[in-house]
Structure formats: C-alpha cells, structure tokens
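An overview of the molecular structure
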Amino acid sequence: MPINRIKPFKDNLKKGLVYLISTPIGNIDDISKRAIDTLNSLDIVLAEDTRNSSILFKRIGVNPKKLISCFSYKEEELANKILNEVKLNNLTIGLVSDAGTPGISDPGAILVKKAIELNIPVSAILGPSAFIQGLILSGFNTANFSFYGFLPTKEQERERVLSNLVNKEETLIFYEAPHRLIKTIQSMQKVFKDRRCLICRELSKIYEEYIRGSLDELVNLDPSSLIGEFVIVIEGNNSASNQYDDEKIIQMAKLMLDEGISKSTCCKIIVNLTNLKKNYIYDLINKL
C-alpha cells in the first residue's frame, strides 16, 4: 500500500472533509468556539442521538443544515452511504457523540476507517474526554497508560480480561455505568488486590467527585451514593512481580514440569513467587 499524505486544510478544502467534533461531557462552557463555528458550517451533522444533540445545539446556538442519526449499530451502514455522497458532491460533514470525543467508546471509528479507505480527508476538533481528565487527576503515571473502555458485563469474562492486565506497569483506565460499578470494583479487587484506585464521578458536572483509596477500601462504598457516569483509574503494577513476564513464567513452569512436578503444584509455586492470579498462571502453564 502506498504512503498516503493528506493536509486537510491546505490541499483538500474543496474536496469534502469529515470532522470528528468533541462536545461537553457535562459543563456546557467546555464547547469551543471552533466547534460551534464548524457545526454551523457543515453540510451534514451526524449525531449519536439526534434528540440529545438537538438539546445541546439549541443551547450553544448551532442550527445544522441537516442532522442525521448515527447510532452505533447503524454506523457502518450509514458510513458507506454518507461517505459516497461526500465524495460525489464534495460535502463537508461532522460527527458528534452524546458527550465527549467521538470514537472513544462511542461511534466514530468505523466512519474514520471508511473515510480513509475512500481517501476522504479526516480531521478532529478536540475537546473534553472523560478518561483523559481522570488520568491527569489520578496522581498515577501519566507517561504510560492504557484505556480499555467498558469491561464485559459477565463476571467470569470480566475477571478473565482483568487477569490479563494484572502484570501491566502502565496506568489502567476504564469506563463504567452506575449499576455495574460495585461489581466491577469487586472484580478488580479480586484480581488487583489492594492496588490504589481513583473513581471519578460526574466529571465537569455539578456533582463532580473523586473517590480515592485502595481497592480493598473501595469495595465497601455505599452503592446508593454512586450515581452518574464513572471513570475508574487503576495504578499500574509496581511490585516485584513485574520482573516475571509471561515468557519467564513459562520457562519456570517448563523446568518444573520436566522435573516431574505436577501442574497444580507448579501453579501454586509460581503464584506464591509472583503474587499473580492462579487462573492467569494456570492458563500460561496450559500453553505448554
């Protein structure tokens, strides 16, 4: 595939353009003047939910020429249709989610992928992002971090995903809904034990709150006090167990198995040595 270099504001002003436009996650004053001006100039605005976006647009003085719903389940179908129209008629369109930055646990990724495939310029008008706000206020490592969005709803699958992250040194960031928050914190406590954690509630809104503590402490939070949207930030693994990556663990297991030590005993020895989860170690041993 040849290298593709696009300068959307220099070479492609008359060839159609796709914008991803960030909107406030709470405080309406976080909308930028550039975002407002761009929204008013677009040929088409795609919105995750036109009802929510219409309320926002009315408050910030935006009157889109054409507003189309772009729910996540119809994004691919809509992207194919709209982008062909963009290319054919040199339209400029934009996408907004209900709150925050499109493409982050919201529609956007498919639209961008399709636009790139069709050689349509894509740009972004940046603004609020809940996970970035949680990260920079966590007090944890901000140089290296990973964002995982929403975890699986089923407990077994959720803990399997978390077990694969237990040895990560970087800061871990998640989103969660209020009705699942306590169950998710309980799963995190089982996997990460007493790791330090920040729970961010209702970011940039009137009830904005930061709840800090170890996971051992946070599992005892009163569920009735946990209303709103949440970002969970977990400190990376700074323990001595970081010296044991998967390859080293598998090498240790192979040496013990070759000496006739059973899988279960081998697993127990490595768990005690590394302080990692039993299921995680057992899965690695089974790869042998």
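Description of the structure in this document.

Calculation rules
- Going along each chain's sequence as written, the residues are numbered from 1 onward.
- Note on the predicted model: pLDDT of at least 70 is required for a residue's local features to be given, and 80 or more for side-chain atom pairs to be given and counted; whole-chain, interface and lining totals, by contrast, use all residues.
- With hydrogens and water excluded, all non-hydrogen atoms of the structure serve as input to the side-chain values.
- Starting at the N terminus, helices and strands are each numbered in turn, a helix being any DSSP run of H or I of at least four residues and a strand any DSSP run of E of at least two.
- The classification of residues rests on relative accessible area computed with a 1.4 Å probe and restricted to protein chains. Under 20% of the type maximum is buried, over 50% is exposed, and intermediate values are partly exposed.
- In what follows, a contact means two residues having at least one pair of non-hydrogen atoms within 4.5 Å.
- A 1.4 Å probe and the Shrake-Rupley method give the accessible areas. Residues count as covered only by the protein chains that appear here.
- Note on charges: Lys and Arg go in the positive column, Asp and Glu in the negative column, and His and the chain ends are not counted at all.
- Charge placement uses NZ in Lys and CZ in Arg. For Asp and Glu, CG and CD serve respectively.
- DSSP-based pairing: two strands are paired if at least 2 bridges between them are found.
- Fitting a line to C-alpha atoms yields each axis, with helices limited to the stretch in contact; the angle taken between N-to-C directions then spans 0 to 180 degrees.
- The patches reported here contain residues having more than 30% relative accessible area and no salt bridge. Joining distances are 9 Å for like charges and 5 Å for nonpolar side chains (Val, Leu, Ile, Met, Phe, Trp, Tyr).
- In what follows, salt bridge is the name for a side-chain nitrogen of Lys or Arg lying within 4 Å of a carboxyl oxygen of Asp or Glu.
- By definition, the arc is the one covered by directions from the helix axis to the C-beta atoms.
- A 1.4 Å probe that fits into a set of points on a 1 Å grid over the protein atoms alone but cannot get out defines a cavity; an open set with protein on both sides within 12 Å along at least five of seven lines defines a pocket, and lining residues are those with an atom within 4 Å of a point.
- Grid points are joined across faces, edges and corners, and a volume is the space filled by probe spheres set on the points.

**Description of the overall build of the protein chain**
Counting secondary structure elements, the protein chain contains 11 helices and 10 strands. Overall, the C-alpha framework of the protein chain stretches about 70 × 50 × 30 Å when taken along its three principal axes. Looking at the 288 residues of the protein chain, the share that counts as buried comes to 47%. Taking the contacts inside the protein chain whose residues are at least 6 apart along the sequence as the reference set, 70% of them involve residues at least 24 apart. Of the accessible surface of the protein chain, which amounts to about 15700 Å², a share of 51% is contributed by carbon and sulfur atoms. Looking at charge distribution, the protein chain has the averaged site of its 37 positive side-chain charges lying 5 Å from that of its 35 negative ones.

**Here's the deal with the sheet that holds strand β4 (residues 92–96)**
The five strands are arranged β3-β2-β4-β1-β5 in an open sheet whose pairing can be described as parallel. The open sheet has two edge strands, β3 (67–69) and β5 (122–125), and neither has a second partner. In this sheet, adjacent strand axes meet at a mean angle of 25° when their direction is disregarded. Across three bridges, strand β2 (residues 44–47) lies against β3 in parallel orientation. Counted as the bridge partner of L46 is I68 from β3. Lying over the sheet, helix α3 (residues 75–89) contacts β1 (17–21), β2, β3 and β4, oriented at roughly 165° with respect to β2.

**Quick look at a nonpolar patch on the surface**
There is a patch of nonpolar side chains on the surface, built from I132, I136, L137 and F145 and spanning about 330 Å² of accessible area. The residue F145 is located in strand β6 (residues 145–150) in this model.

**Side note on helix α1 (residues 33–41)**
Within the sequence span of α1, burial applies to A35, I36, T38 and L39. For α1, the arc enclosing every buried residue in end-on projection is 165°, short of the 170-degree limit, so these residues lie on one face. On the buried face of α1, the contacting elements are β1, β2, α2 (50–60), β4 and β5.

**Some remarks on the pattern of salt bridges**
If you walk through the whole model with that rule in mind, you get 12 salt bridges. Residues D49 and R51 are paired through a salt bridge, measuring 2.8 Å at the closest nitrogen-oxygen approach. Between E76 and K114 there is a salt bridge, and its shortest N-O distance comes to 3.6 Å. Placement of the pair is E76 in helix α3 and K114 in helix α4 (residues 109–117), with a sequence separation of 38 residues.

**Here we look at the layout of surface pockets**
In this structure, the largest pocket spans a volume of roughly 760 Å³. Elements represented by at least two residues in the lining of the largest pocket include exactly α2, β7 (171–176) and β10 (230–234). Among the elements that make up the lining of the largest pocket, the one with the highest residue count is α2 (five residues). The computed volume of the second largest pocket comes to approximately 230 Å³. Every residue lining the second largest pocket is listed: Q156, E157, E159, R160, S163, N164, K190, V191, K277, N279, Y280 and D283.

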